[in-house]
Amino acid sequence: MITYKIVGRRLGDVASCYADSTKVNRELGWKTEKDINDMCRDSWRWQNNNPKGYT
């Protein structure tokens with residue numbers, strides 16, 4: 001079991017992060033290289049390495 005405590009947001013915490021790449025794919029032919037699992041893993045890694053956010 002992981003002990004946790006729900007608290008308010010810290011300075012520098014991301015409020016939300018999402019995107020739809022449909023338009024850029026349609027207009028520029030660009031496609032994403034990462035999926036949602038990659039994005040979550042990277043966000044988790046950043047939070048773990050920067051527990052106080054940007055300082």
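The preceding data block contains the structure.
Residues numbered from 1 in each chain as written. Predicted model: local features only at pLDDT ≥ 70, side-chain atom pairs only at ≥ 80, totals over all residues. Heavy atoms only, no water.

1. Re the environment of Trp30
Mapped onto the elements, Trp30 comes out in the loop between helix H1 (22–28) and helix H2 (36–49). In this view, Trp30 contacts Ser21, Val24 and Asn25; residues no more than four positions away in its chain are not counted. (Helix = DSSP H or I, 4+ residues; strand = E, 2+ residues; numbered from the N terminus. Contact = heavy atoms within 4.5 Å.)

2. A closer look at the pattern of salt bridges
Per the stated rule, a full pass over the model turns up three salt bridges. A salt bridge links Arg10 to Asp13; the shortest N-O distance between them is 2.9 Å. Given a relative accessible area of 35%, Arg10 falls into the partly exposed group. A salt bridge links Asp42 to Arg45; the nearest nitrogen and oxygen atoms lie 2.6 Å apart. Here Asp42 and its partner Arg45 are both found in helix H2, three residues apart, which amounts to about one turn of the helix. Classification of Asp42 by relative accessible area gives partly exposed; the value is 41%. (Salt bridge = Lys/Arg side-chain N within 4 Å of Asp/Glu carboxyl O. Buried < 20%, exposed > 50% of the residue type's maximum accessible area, 1.4 Å probe, protein only.)

3. Examining the environment of Asn50
Here Asn50 is to be found in the segment after H2. In this structure, the C-alpha to C-alpha distance between Asn50 and Ser16, residues 34 residues apart in sequence, is 17 Å.

4. Overview of H2
Each turn of an α-helix holds 3.6 residues, which means side chains three or four residues apart point in the same direction. The terminal C-alpha atoms of H2, which comprises 14 residues, lie 20 Å apart, in line with the 20 Å expected from a rise of 1.5 Å per residue. Backbone nitrogen of Asn37 and a side-chain oxygen of the N-cap are separated by 3.0 Å at the start of H2; the cap is Asp35. (Expected span 1.5 Å × (residues − 1). Polar contact = N/O pair within 3.5 Å; in protein donor to acceptor, adjacent residues only side chain to side chain.)

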